[in-house]
Amino acid sequence: MKKNNRIAGHPVRYFQETDSTNARAREEARKGAESGTVFVAETQSKGRGRLGRSWHSPAGSGLYFSLILSPGISTTDLPKISLATGVALCRAIRGYVENPALKWPNDLLLEGRKVAGILTETIPRQDTASLVIMGIGINVNQCEHNVPAELADRLGTIQAAYGSPLARGKLLESILNQIDALLNQAERYGFTDILKEWRNHDASRGKYLTWLTTEGETVHGLSQGIDEEGLLWIRDNRGKMHEVISGDITIGKAG
Ligand code: BTN
């Protein structure tokens, strides 16, 4: 039985600077750090994004943190944990801004611009459930001149949508509470309602998508939304259905 049924956010390990909170969490998980531990950094020198990208992590304005989780769910449900985390971000951010949206698998968009990303890594273990490292990066109060020029037209900040700077500590606390609530919900009742909530935030619902597969192939088609496994489906112009397991999605006919 977990203490107070709390899964996410205790204890907190804070770094003024580190290379990547995901790297710290992974290293400490291997050394036995307990599930629920959160690693927070003021800035990251090698912040990592999905698909081998980097995550720009300036000091003083963003939130960069990673959780070690050992959720009591089956291995087949593990990929849904990152969708649940996207829902947790939406719930927390709705305290400040209306209409947060999610782009599969879990980019958080405000007014069509990406404000947060999630990098999920798993550490398989022998004879016991895998550990999950859940890394979250959020552009909270960044100024425009702090965003790399090549990303300026696609990245947003919560501050820009909210209208004034936010207290990052309060936002972090609220996100951890929501992750905790959603993981408890998933453990008790499964993911059906969580995926429903994800669909309510689906930024690509009914829209034309471009999917760049990890093999470098490009698929254009209409989004069919996510299925019960949390996988995205696209119907291409010839009517063929494609199940998106990984890769990159762009909303619109780009690519
Ligand atoms: C994405 O590509 O959208 C995912 C970005 C995830 C960035 C966060 S910042 C905190 C944690 N540490 C990392 O190195 N990456 C994640």
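How each quantity is defined
- Residues numbered from 1 in each chain as written.
- Predicted model: local features only at pLDDT ≥ 70, side-chain atom pairs only at ≥ 80, totals over all residues.
- Heavy atoms only, no water.
- Buried < 20%, exposed > 50% of the residue type's maximum accessible area, 1.4 Å probe, protein only.
- Helix = DSSP H or I, 4+ residues; strand = E, 2+ residues; numbered from the N terminus.
- Pairing = 2+ DSSP bridges.
- Phe/Tyr/Trp six-rings, centres within 6.5 Å; stacked < 30°, edge-to-face > 60°.
- Near = heavy atom within 4 Å.
- Polar contact = N/O pair within 3.5 Å; in protein donor to acceptor, adjacent residues only side chain to side chain.
- Areas by Shrake-Rupley, 256 points an atom, 1.4 Å probe, with all protein chains shown as cover.
- Axes fitted to C-alpha atoms, helices over the stretch in contact; angles between N-to-C directions.
- 1 Å grid on protein atoms, 1.4 Å probe; cavity = no way out; pocket = protein on both sides within 12 Å on 5 of 7 lines; lining within 4 Å.
- Points joined across faces, edges and corners; volume = space filled by probe spheres on them.
- Parallel < 35°, antiparallel > 145°, perpendicular 65-115°, else oblique.
- Left-handed = near helix turned anticlockwise from the far one by under 90°.
- Contact = heavy atoms within 4.5 Å.
- Nonpolar A, V, L, I, M, F, W, Y, C, P; charged D, E, K, R; others polar.
- Salt bridge = Lys/Arg side-chain N within 4 Å of Asp/Glu carboxyl O.

(A) View of the pairing of strand β11 (residues 241-244). Alternating residues of β11 divide into His242 and Val244, all buried, and Met241 and Glu243, none buried. With four bridges joining them, strand β10 (residues 232-236) and β11 adopt antiparallel strand pairing. By the bridge assignment for β11, tryptophan 233 is matched with glutamate 243. If you look at the hairpin formed by β10 and β11, you'll find four residues sitting between the two strands, and glycine 239 has a positive phi there, around 90°.

(B) Spatial organisation of the packing of aromatic side chains. Tallied over the full model, the rule gives two aromatic pairs. Measuring from centroid to centroid gives 6.4 Å for phenylalanine 15 and phenylalanine 39, while their planes differ by 20°, and the two rings are stacked. Placement of phenylalanine 15 in strand β1 (residues 12-18) and of phenylalanine 39 in strand β2 (residues 38-44) is noted, with a sequence separation of 24 residues between them. Neither phenylalanine 15 nor phenylalanine 39 differs from the other in exposure class; each is buried. Between the aromatic rings of tyrosine 96 and tyrosine 162, the centroid separation amounts to 5.5 Å while the plane-to-plane angle is 90°, which identifies the pairing as edge-to-face. Residue tyrosine 96 is located in the loop between α2 (80-93) and β4 (101-103), and its partner tyrosine 162 is located in helix α3 (residues 158-162); the two are separated by 66 residues in the primary sequence.

(C) View of the site of the ligand. Taken together, 20 residues form the shell around the ligand, and within it Ser20, Gln44, Arg48, Arg50 and Lys114 come nearest. With respect to the ligand, the side chain of serine 20 contributes an N or O atom lying 2.7 Å from an oxygen atom. Interatomic distance of 2.9 Å between a side-chain N/O atom of glutamine 44 and a nitrogen atom of the ligand. Within the complex, the protein chains bury 98% of what would otherwise be the 410 Å² of accessible surface of the ligand. Where the shell around the ligand is concerned, the elements lending two or more residues are α1 (21-30), β3 (62-69), β6 (113-125) and β7 (128-139).

(D) Molecular detail of the sheet that holds β11. With antiparallel pairing, the five strands of this open sheet are ordered in space as β11-β10-β9-β8-β12. Each edge of the sheet is formed by a strand with only one pairing partner; in this case those strands are β11 and β12 (248-251). Within the sheet, the average angular offset between the axes of one strand and its neighbour, ignoring direction, is 40°. Both strand β8 (residues 208-212) and strand β9 (residues 218-226) contribute to a ladder of five bridges, which runs antiparallel. Looking at the pairing, leucine 212 lines up with threonine 218 of β9.

(E) Representation of the layout of surface pockets within the structure. One number sums up the size of the second largest pocket: a volume of about 360 Å³. Mapped by element, the contributors of at least two residues to the lining of the second largest pocket are α2 and β6. The dominant element in the lining of the second largest pocket, judged by the number of residues it contributes, is β6, at five residues.

(F) Inspection of the sheet that holds β7 at higher detail. The sheet built from seven strands is open, its strands ordered β1-β2-β3-β7-β6-β5-β4 with mixed pairing. With partners counted over all chains shown, the strands left at the sheet margins are β1 and β4, one partner each. Between one strand axis and the next, the sheet turns by 20° as a mean value, whatever way the strands run. As defined by bridge partners, β1 adjoins β2 across six bridges and the pair is classed as parallel. Counterpart to threonine 18 in the pairing with β2 is glutamine 44.

(G) Spotlight on the packing of α2 against helix α4 (residues 168-189). As a packed pair, α2 and α4 sit with axes 8 Å apart at the nearest point and diverge in direction by 135°. Taken together, the axes of α2 and α4 lie oblique to each other. Taken as a pair, α2 and α4 cross one another with a handedness that is right-handed. For the pair α2 and α4, contact is made by Ile81, Ala84, Thr85, Val87, Ala88, Leu89, Arg91, Ala92 and Ile93 and by Leu171, Ser174, Ile175, Gln178, Ile179, Ala181, Leu182, Leu183 and Gln185, respectively. For the contact of α2 with α4, the per-class residue count stands at 13 nonpolar, four polar and one charged.

(H) Local environment of the pattern of salt bridges. Applying the stated criterion across every chain yields a total of 17 salt bridges. The salt bridge involving arginine 24 is made with glutamate 27; its shortest N-O contact spans 3.0 Å. Here arginine 24 and its partner glutamate 27 are both found in helix α1, three residues apart, which amounts to about one turn of the helix. Look at arginine 24 and you get buried, because its relative accessible area is 13%. A relative accessible area of 34% places glutamate 27 in the partly exposed class. The shortest N-O distance in the salt bridge between glutamate 228 and arginine 199 comes to 3.2 Å.

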